Every structure is written in structure tokens, then in C-alpha cells.
Amino acid sequence: MARESHATELPSLKSATRRSRGLCAFLLLLLGFFLLQGAAGAQVKEVRRVLVLSEVGPDYPAIALVDQGIHHALEQSRYKVEFYHEYLDAALFPDSATQQEYRDWYVRKYRNRKPDVIITVGPSPLELTLGLHETFFRDVPVIFCASTEDAVGGAKLDADFTGIWEEAEPVKTLEAALRLQPGTKHVFVVGGTSPYDRANEALFRERLRSYESKLDFQYFTDFTMPQLLERLQHLPNHSIVLHVCILRDAAGTQFIDATEAAPMVARASNAPVFTFFDVDLGYGEVGGDVSSFASEGQVAGAMALRIIGGEKPKDIPVVRGTNVYMFDWRALERWRLNEQNLPPGSIVLNRPVSFWQVYRRYILAGILVISAQSLAIFALLWQRARRRKTEQELRESEERFRLIANSAPVMIWMSGPDKLCTYFNPPRLEFTGRTLREELGNGWAEGVHPEDLEPCLETYSQAFDRRESFQMEYRLRRHDGEYRWIFDHGVPRFNADGAFAGFVGFCIDVTGRKEAEEALSSVSRKLIEAHEEERTWIARELHDDIDQRIALLAVNLDGLGRDLPASEGQTSRRIKEVQEYVSDLGSDIQALSHRLHSSKLEYLGLVAACEAFCREFSGQQNVEIDFHSQDIPKELPPETALCLFRVLQEALQNAVKHSGARQFKVLLKAASNEIQLSVHDSGVGFDLQKAMSGHGLGFTSMKERMRLIGGHLSIDLKQQGGTTIHARVPLRTESMAAGAGGQISPSEL
């Protein structure tokens, strides 16, 4: 048992390692303190107690390795684990009386704080636990490690026990030694006189008995340490040493085997020394099939974690042996033992680090830096070449553009990202009669008509800010002083890297088109005026002449009916029917007269006329019309009132014809220096493009009327949600000859 110091540790580093571990432990405790302070109110974990009983004190490296493995495994627990460590010091106090005092002390110490799990490290703690299990530690799970079955006399364990039995394999170590040193003739087994030493000696004698007929075996187990070292210095050739364990020599001197006895044996021996425990490696021993105390601690901790989690010991099988082939490279080199002869899967410790292993990170970092720099240089060269090519292409492109622009039949301009113009082609300069210097920057604005300058600059600036194309019309002074209408279309341009570079645009003289539009507008106005005059004449003729005659005819028929004798009842009824028919005809003619020309619009104003029409139309078509008006002035230009009245008539007639609805809403209001009319139905809607391109004059008439008075007409269609017609007319309406501002844009329709 009690194997010491991990094979990779050097004696000279032991104190430094302890100091570093102490500092790490302090920092971890400090960090844990602050973390616990922050989480104290969050959740309080349940407590589980773990008692660790060890054969010897914590100065023995084997005990430290086992404790480390146990603690590491139990860090995964969802409970708060309280650790209790007790050391029997069986090597220092082997007498039964002292050990009995220890037993009594533990009974008193833990009678009010019984552990949830006991972990025994070594045979003595296991024997103590077996003696107290029935009386004091009843039903407490026990996990054992760092002991062999032979060391506890093959004691029978009940269902509360599980753990790890060490399986000493001296035969495997001997066979590995014979492979490394084939000419071996003498085997010297080195051990001590403590009970643990004697138990191991007996086990090794039994296991190696079959080799005594082949090799010369001698057991150096009853010597003082000086005597042992003296003999080891004079071993015969072709010898090997099997170091078992020395916790006490024949003189009664106590030793820590891993850090005291084992190093002295390795230094004194003139033959390679093989060992059986991982903590002995690193002081000159070659190695062998060793028991790993670090692995035992990890396995024992994992078992404790399962038991704390609710599993029973009987459901956790006992593990037999955690051995592994492990050797020290420095000892192999010292004794010139060929590494190729090691058993398969062997672990070799303390192998010197190669130049590549030492400086691998720096080499890789250097390669990466050099590669990155090379790639950066290549990328810069490639980018430089590409930039030169792009600049060349750009120059060629600009030359082609200027060649095309200078010979184009339209006026072309270009501006930078600062909104200042940087180029005008010759046709533009010829049109204005100004030099390029005069036009550059904002000089071009000097030729814009004063009435058009502000909206022109506003459109230009907004397009720049939004990086969007624009179209506008304005009047520009020609070289002869005459202002001509110009259509200007500008689009944003961007560099190869996507950066905004300004605008480029073209202008064309559209004065002829504007004059044609004005002429067409004048013709349209005259046609509509003639149409209204004709409607007015027909309405008056129907109302003042024909309607009066029909009324007189109805009166005569009524008189004729009264003059007939009672015997002519059948004839009287026929005359009565004719009279009613004539009266209905008169009413229809009167309504037609009102639709053709509303006298109420002329004498009472727009609101009264619209309200009367809605009421009459509702009765004729048997529909509901909800009419509302807000803040409509009584005095309106006649053309404005007439236009809105005609739009209302046409909109309601189309709605009744196409929507299929029986309820309509009409709103007439004044807002924001304009009059707004909306006609809404909740019908099925219709195909606007089909309606606009049809043969009827309804939408065409409304559109043309609104355009002539500077108004706007828009139609809002919603799928299965009805149709709303909006008409907006400025309150300060110019004459019907004023222009092109009232056309319907595609977006509005």
C-alpha cells in the first residue's frame, strides 16, 4: 500500500509544487467564498457527509493522489459534500492497543454526525470499518480501495460494501523485466518489515514461486537500510531488483517509501530496479506493471457519487485492479534497455521533449505569421493590379461617355456627391448660351424660371438625399432669352466599390408637347363647357316645356275621367291608368332634368345639390346613401362646384352598377385649403385597368374634369373590401384653362 510521489514529479520540484498547490487552493477558496456569497440566497443545497479513512497520513503521495481523485469526482454532485479525513497512521502506531484507542475515538467523534458514505484507503481502515459496521456504522455504505483481499485475510463483505481490490501482478513485472534484459539470471526482491511490507512479501513469494526453478531468487527483507544499500551496490552481473515496499526496516526505522526508501534503493543498486506502484516512478526505478493510485481515487470517487445519488452498493460491482504498464524513459536510457521491447500499450514517462515539441507553438505561429504576411502582400499586389486595371477601365469608360455625351442630341449633365454639377455636354451649353465655367456648381440654376426654381431645387435635393432617380419639368432660359419647358431625368451613379458618386441626367425640350397639352386642355374645356350648356338646355326644355305639357295632359285626363258617366266604369279606369302612367313619366322627366342640370346647384350651392341628388338617387335605385358634409363654404367657383357634383353623380352610378352593394357613404368636407369628396361602397370591387380602358366615358370624364380645375382623382381598391373614390380640389382654383397639374398619376390609380 502507501505508494508515494507520482512518477512524473522530480524531488527538486516537490516543495515548489506544494507551494503552487497551496496558492491555487487559496485562490480557489477565495473565489468560492465570493461565489457562495452571491448565490447564498439563490439555492441551499442538501448536505452529504463523506468520511475518508486512510492507512497513513497525507504526507504519503499515494494518499494525496487518492484524495485528489475522490474530491475531483464528487465535485459533480448536486449535493453539498462535507469531507472528513482521518488517518490511522498504522505504519507509525501498529500496536493493537493504539489502534483500539483510535477506534474508540472515532465512535465517540461520529456518534452524532454519522457519515453518508465511508471510503477506506488501505487494509487497516477496511478492517476497522468491518469491526464497527455491525455495531456503529450499520447501513452506512463503505467503499474500499488501496488494499488487496489477502491483506484483510479474505474477509467476507456484506451488501453495504463495494470498491476496488488491488491486483498485484509481480509476474507481469518480472516478464517485462526479462524482455528488457533477456540475459537475467538473478532476481533480488527488496522489502521492509512492517505488517504491510510483510503482507506484500508473502504475496510476491506466492506469485513468483513458479520462477524459482529458472532464476536465482533472493529476498532482501530483513536488513537495516544501510545493510540493504551496501548489498545492492555489489550485485552480480545479469541481475534485476524488484522493489516491493519499505515502510520500516529491520532496525525499526520508518520510511515513506516513494520519497525516501525507493530513491535510496534506486541510487544504490548496480542493477535495474523494477517497481509495482506508480508513485515510485521518477526516482530511478525502471517501472513495470504498476497499480495506479490516481485511478483508484477516481474510481472510488465515482462510486461515492453514485451512492450519494441514490444507488445501492450492492448494485455497483467491485473493480479488480487498476494496473497499467508504466516505465521511466530516463531509467531505460541509464541501463541501456531497448524501448522496443516494452509490452504493447506501455506508458513511457519523462521522455525528453524534442525541439519540435518545445517550440512547436512558436514554429507554427511563425509559419502562420509568415503565411499571413505573404498572403497580405499577395493580396495588396493583386489589389494594386486590379485597382490599376479598374482605373484604366474607368478612364476609358469616361472617355467613351464624354464622346457619346458630346455627340448626343440631348442635353446631358453630371454632378458629384456634394450636389454640385461637374459636367455639361455641348448641346446643353449651346442651348443656354453660357460657358462651362458659368454652368458648373450651382450656376445652372441661374437660368431656371423664378417661379420654378424652388420646386426644382427641392426635387433635386430630395433625390440626392434618398439616392433615388427623379423626373421633373421646369422652364429654362434659352440663349435667345426665351423660357422653354425642359424635362429633366436624373439617376444616381456609384463607383466600382459601391460608393455614391453623384448623379447623371439628361434634359430634353418639351415646349412643343406642353403647348399641345395646353391646346388639348383648351379643347377639352370647351367640349365640357359645350356639353354642360347642352345638358342645361335639354334640362330646361324638359322641365319648362315637355314636363309642363305632360302635367297638363295629366290634368286633362283627370277631368275627362270625372266627366264620363258612371256607366262607363271600364273606360274611366283605363283613363285613370293612363293618367298615372303620364304622371310617372312626368316625374321621371323631372328627375332626368335634375340630373342633366341641377338648379339647386346654381341657386342653393354644392351641399344642397349633392344632398338632394343623393336623396333622389336613393329613392330611384332603392339603395341607402349616407351623406355627410363638413365646413363647405357657400361661395365656390362654379366650375369647382359643377365638377364635384358631376364626380358624385358618376361615382354613385358606377357603384350601383358594378359593386353589388346596397349601402354607400358620401363625405364632402373642406380641409387643408382644399375640398375633399369621397364615395365609398363595401361591394366586390372591380378591375380598374379594364374600367379605365373600356369604351365608357365615366372615369375618363371624371379624370378630365378634375385635371382641368387642378384637382386630383384617386381610386382605392381593396380585394373583397369595396371601393373608395377620392376627389381633391384646391379651394383657390385657377381657371379651367390652367394646366397640366391635375392629371392622375399611375400610383394614384
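Everything below is about the structure shown above.
The sections below set out a description of the structure shown in this document. Remember, it's a predicted structure, so these values are computed and weren't measured experimentally. (Residues numbered from 1 in each chain as written. Predicted model: local features only at pLDDT ≥ 70, side-chain atom pairs only at ≥ 80, totals over all residues. Heavy atoms only, no water.)

1. A short note on the overall build of the protein chain
Along the protein chain, the regular secondary structure elements total 21 helices and 23 strands. A sequence separation of at least 24 residues applies to 66% of the contacts in the protein chain between residues at least 6 apart. Summed over its atoms, the accessible surface of the protein chain is roughly 40800 Å², and 53% of this surface lies on carbon and sulfur atoms. (Helix = DSSP H or I, 4+ residues; strand = E, 2+ residues; numbered from the N terminus. Contact = heavy atoms within 4.5 Å. Areas by Shrake-Rupley, 256 points an atom, 1.4 Å probe, with all protein chains shown as cover.)

2. Looking at helix α5 (residues 170–180)
Residues Pro170, Thr173, Leu174, Ala176, Ala177 and Leu180 constitute the buried set of α5. What you see down the axis of α5 is that its buried residues fit within an arc of 160°, all on one side. (Buried < 20%, exposed > 50% of the residue type's maximum accessible area, 1.4 Å probe, protein only. Arc of directions from axis to C-beta.)

3. Remarks on the nonpolar core
Ile119, Phe217 and Val286 are the most contacted members of the largest nonpolar core, which has 61 residues in total. Sequence-distant contacts of Phe217, defined by excluding residues within four places in its chain, comprise Leu174, Val187, Val189, Leu208, Tyr211 and Glu212. By size, the runner-up hydrophobic cluster in this structure holds 36 residues, among which are Ile632, Ala661, Leu677 and Val679. (Core = buried A, V, L, I, M, F, W, Y, C linked by side-chain atoms within 4.5 Å.)

4. Points about a negative patch on the surface
Taken together, Glu393, Glu396, Glu398 and Glu399 make up a surface patch of like negative charges. With respect to the helices and strands, Glu393 occurs in helix α11 (residues 355–407). (Patch = residues over 30% accessible without salt bridge, like charges linked within 9 Å, V, L, I, M, F, W, Y side chains within 5 Å. Salt bridge = Lys/Arg side-chain N within 4 Å of Asp/Glu carboxyl O. Lys, Arg positive; Asp, Glu negative; His and termini not counted. Charge placed at Lys NZ, Arg CZ, Asp CG, Glu CD.)

5. Focus on a nonpolar patch on the surface
Residues Val353, Phe355, Val358, Tyr359 and Tyr362 make up a contiguous nonpolar surface patch of roughly 570 Å² in combined accessible area. Among the structural elements, Val353 can be located in the loop between β13 (347–349) and α11. The class of Val353 is exposed, set by a relative accessible area of 51%.

6. Comments concerning the packing of helix α2 (residues 61–74) against helix α9 (residues 293–308)
Between α2 and α9, the shortest axis-to-axis distance is 7 Å and the interhelical angle comes to 35°. α9 is crossed by α2, and the crossing has right-handed handedness. Residues Ala62, Leu65, Val66, Gly69, Ile70, Ala73 and Leu74 of α2 form the contact with α9, whose own contacting residues are Phe293, Ala294, Gly297, Gln298, Ala300, Gly301, Ala302, Ala304, Leu305 and Ile308. The class makeup of the residues in the contact of α2 with α9 is 13 nonpolar, four polar and no charged. (Axes fitted to C-alpha atoms, helices over the stretch in contact; angles between N-to-C directions. Left-handed = near helix turned anticlockwise from the far one by under 90°. Nonpolar A, V, L, I, M, F, W, Y, C, P; charged D, E, K, R; others polar.)

7. Quick look at the sheet that holds strand β18 (residues 500–509)
The antiparallel open sheet is built from five strands, whose spatial order is β15-β14-β18-β17-β16. The sheet terminates laterally at β15 (421–424) and β16 (470–477), the two strands that pair on one side only. The average undirected angle you get between the axes of adjacent strands in this sheet is 25°. Against the sheet, helix α14 (residues 450–466) touches β14 (411–415), β15, β16, β17 (483–494) and β18, its axis set at about 150° to β16. (Pairing = 2+ DSSP bridges.)

8. A closer look at the pattern of salt bridges
A side chain with one charge may pair with a side chain of the opposite charge, provided their charged atoms come close. By the definition in use, this model includes 25 salt bridges. For Glu82, the salt bridge goes to Arg49, with nearest N and O atoms at 3.9 Å. Of the two residues, Glu82 sits in strand β2 (residues 80–87) while Arg49 sits in strand β1 (residues 47–54), which places them 33 residues apart along the sequence. A relative accessible area of 25% places Arg49 in the partly exposed class. Where Arg330 meets Asp328, a salt bridge forms, and the shortest distance between an N and an O atom there is 3.6 Å. Among the residues examined, Arg330 registers a relative accessible area of 34% and is labelled partly exposed. Asp328 sits in the buried class, given a relative accessible area of 2%.

9. Some remarks on the side chain of Arg428
Tracing the chain through its elements places Arg428 in helix α12 (residues 426–432). Since its relative accessible area comes to 2%, Arg428 is described here as buried.

10. As for unusual backbone geometry
At Asn622, a position not held by glycine, the phi torsion is positive, near 60°. Note that Asn622 resides in the loop between α18 (606–621) and β19 (624–630). Look at Asp631: it is not a glycine, yet its phi comes out positive at around 55°. Relative to the elements of secondary structure, Asp631 occurs in the loop between β19 and α19 (638–658).

11. Some details on the packing of aromatic side chains
As enumerated under the stated definition, the model contains 21 aromatic pairs in all. Their ring planes at 20° and their centres at 5.9 Å tell us that Phe277 and Phe293 sit as a pair that is stacked. Placement of Phe277 in the loop between β9 (273–274) and β10 (287–291) and of Phe293 in helix α9 is noted, with a sequence separation of 16 residues between them. There is no split in this pair, since Phe277 and Phe293 are both buried. Taken together, the ring pairs connect Trp413, Trp444, Tyr460, Phe464, Phe470, Phe494, Phe500 and Phe503 into an aromatic cluster. Geometry around Phe136 places Lys114 over its ring, the cationic atom sitting 5.5 Å from the centre. Stacked on the ring of Phe220, the Lys or Arg Arg231 has its end atom at 5.9 Å from the ring centre. (Phe/Tyr/Trp six-rings, centres within 6.5 Å; stacked < 30°, edge-to-face > 60°. Lys NZ or Arg CZ within 6 Å of the ring centre and 35° of its normal.)

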